[in-house]
Amino acid sequence: MKRIIAAIMALVLAVTLSGCKEVPSFMPSYWDGLTKAGAREYIQNTLRDKYGEEFEVISMGIRSGQYYRELVGTCSPKSDENIAFEFEVNHFSENRTMKDNYIQNVVRKQLKQNIDEILSTHYDNFASEVYVTPLTKWYDSGMRSASETTVKTFSETFAQNGKEDKEDINKTSVWIILSNGEPADIDKLNNIIQEMTLDFYSLNVYIDCFFADQDTINLCNEKANSTDSSRWEVQVITRNGNFRWDRFIYYNDDRGLLYAGNNLD
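Residues numbered from 1 in each chain as written. Predicted model: local features only at pLDDT ≥ 70, side-chain atom pairs only at ≥ 80, totals over all residues. Heavy atoms only, no water.

**Things to note about the overall build of the protein chain**
Broken down by element type, the protein chain carries 7 helices and 9 strands. Within the protein chain, the fraction of its 265 residues that count as buried is 44%. For the protein chain, the share of sequence-separated contacts (at least 6 apart) that also reach a separation of at least 24 residues comes to 60%. (Helix = DSSP H or I, 4+ residues; strand = E, 2+ residues; numbered from the N terminus. Buried < 20%, exposed > 50% of the residue type's maximum accessible area, 1.4 Å probe, protein only. Contact = heavy atoms within 4.5 Å.)

What follows is the structure in C-alpha cells.
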C-alpha cells in the first residue's frame, strides 16, 4: 500500500512540476480535468481567440455550488495592464462556456478618463469610479476589437438590439467623491456633469456625488486605480460612509440630465 501511495504522490508531483495542462482521469484536477496551469492557459487562449490579442490572468479561483463548479477570476490585456476585467467559465453540457466583461471595461476606462479630465479643471482633490452595467454583467455587445471600441459605438449596441429605452438594462453608474470642505454647490455640479454628458452618447447614466473626508478620497482613488476586482468596492465605501450624497441621472432621450435629490431630503 505504501508503494502505491508513494507512486501516486510521485505522479501527482510529476504532473504538477511538468506544467501539464490535463491530469489523468483517476487524479483530482484543479478544474474540469485541467491542472491550474492548464486552466490559466485555457483562459488566456480563449480570450486571445475571441479578441485577437494576448491576455494575462491576474487572479483565478473556483466558485462552486450544489450543481456547478465555475472557474472565475480577473484578467488584463497585455497591451494595457490598467484594464482589469472578470471572466467566468462553466461546463454544464458537452461544451465549456466562457463569459467576460472585457469590452465593458474598455468603455469604463474611456468614460473615467473623460470624467477625470473634466473634474480636474474644477477641483484639485477628488476621486471617481465608473461601472458599466448593461444587460447583465456579462452582456455580449458583439464587439471584438478593443481598438475599435468607443463609448459611442458601445452605447449604440443597445439601440441595435431594440433596448435603448429600457433604463434598467442600458445603465452605467458613476461615483464622484469630492472633499467635504467643498461647498455643496448644486448648480456648479450640474454644469460640470452637463459637460460630461457629451461623452455619454446613448447610455443611461446614474451619477452619485459624495462629499467625503480626505482618507475616503484617498482610499477610493486607491481602489479605482487597482488592477483587481477591489476597485468596485468604491460603491460600498461611499454608500457606507454617511456622507452627503447628491444624485444626478442622465437619460439618453429628451429628458437629458436631471437632478434627483440627495440623502438629506
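**Things to note about the sheet that holds strand E9 (residues 257–262)**
On the basis of which strands lie adjacent, the open sheet formed by 5 strands has the order E5-E6-E7-E8-E9 and mixed pairing. Strands at the two margins of the open sheet, each flanked by one partner only, are strand E5 (126–133) and E9. Across the sheet, the mean angle from the axis of one strand to that of its neighbour is 15 degrees, orientation sign disregarded. Pairing geometry for strand E7 (residues 204–212) and strand E8 (residues 244–250), over 7 bridges, is antiparallel. Note that in E8 the partner of Asp208 across the bridge is Arg247. Lying on the sheet, helix H5 (residues 186–196) is in contact with strand E6 (171–179), E7, E8 and E9; it crosses E8 at an angle near 40 degrees. (Pairing = 2+ DSSP bridges. Axes fitted to C-alpha atoms, helices over the stretch in contact; angles between N-to-C directions.)

**Focus: unusual backbone geometry**
Phi at Tyr201 is positive, roughly 50 degrees, even though this residue is not glycine. Tracing the chain through its elements places Tyr201 in the loop between H5 and E7. Backbone geometry places Asn242, a non-glycine residue, at a positive phi of 55 degrees. When you line up the elements, Asn242 lands in the loop between helix H7 (234–239) and E8. A relative accessible area of 73% means that Asn242 is categorised as exposed.

**Things to note about the packing of aromatic side chains**
With the rule as written, the count across this model stands at 8 aromatic pairs. Pairing Tyr51 with Tyr102 gives two aromatic rings, centres 4.9 Å apart and planes at 75 degrees, and the pair type is edge-to-face. Of this pair, Tyr51 sits in helix H2 (residues 36–51) while Tyr102 sits in helix H3 (residues 102–120); the two residues are 51 residues apart in sequence, bridging distant segments of the chain. Ring centres of Phe210 and Trp245 lie 5.4 Å apart, and the angle between their planes is 20 degrees; this geometry places the pair in the stacked category. Remark: Trp245 occurs in strand E8 and Phe210 occurs in strand E7; sequence separation between them is 35 residues. In this structure an aromatic cluster arises from ring pairing among Tyr51, Phe55, Phe85 and Tyr102. Between Arg96 and the ring centre of Tyr42, over which it is positioned, the NZ or CZ distance is 4.8 Å. Sitting over the ring of Tyr206, Lys171 keeps its end group 4.5 Å from the ring centre. (Phe/Tyr/Trp six-rings, centres within 6.5 Å; stacked < 30°, edge-to-face > 60°. Lys NZ or Arg CZ within 6 Å of the ring centre and 35° of its normal.)

**Side note on the nonpolar core**
In this structure, Ile43, Phe87, Tyr102, Met196 and Ile207 are the most contacted members of the largest nonpolar core, which totals 50 residues. Once residues within four sequence positions are removed from consideration, Ile43 is found in contact with Val57, Leu71, Cys75, Phe87, Val89 and Met98. Counting 11 residues, the second-largest nonpolar core is a separate cluster that includes Ala127, Phe210, Ala224 and Phe243. (Core = buried A, V, L, I, M, F, W, Y, C linked by side-chain atoms within 4.5 Å.)

**Some thoughts on the sheet that holds strand E1 (residues 55–64)**
Here we have 4 strands laid out as an open sheet, ordered E1-E2-E3-E4, and antiparallel in their pairing. The two strands at the open ends of the sheet, each matched to only one other strand, are E1 and strand E4 (97–100). Shown here is a sheet whose adjacent strand axes are inclined to one another by a mean of 20 degrees, direction ignored. Note: E1 against strand E2 (residues 69–77), 9 bridges, orientation antiparallel.

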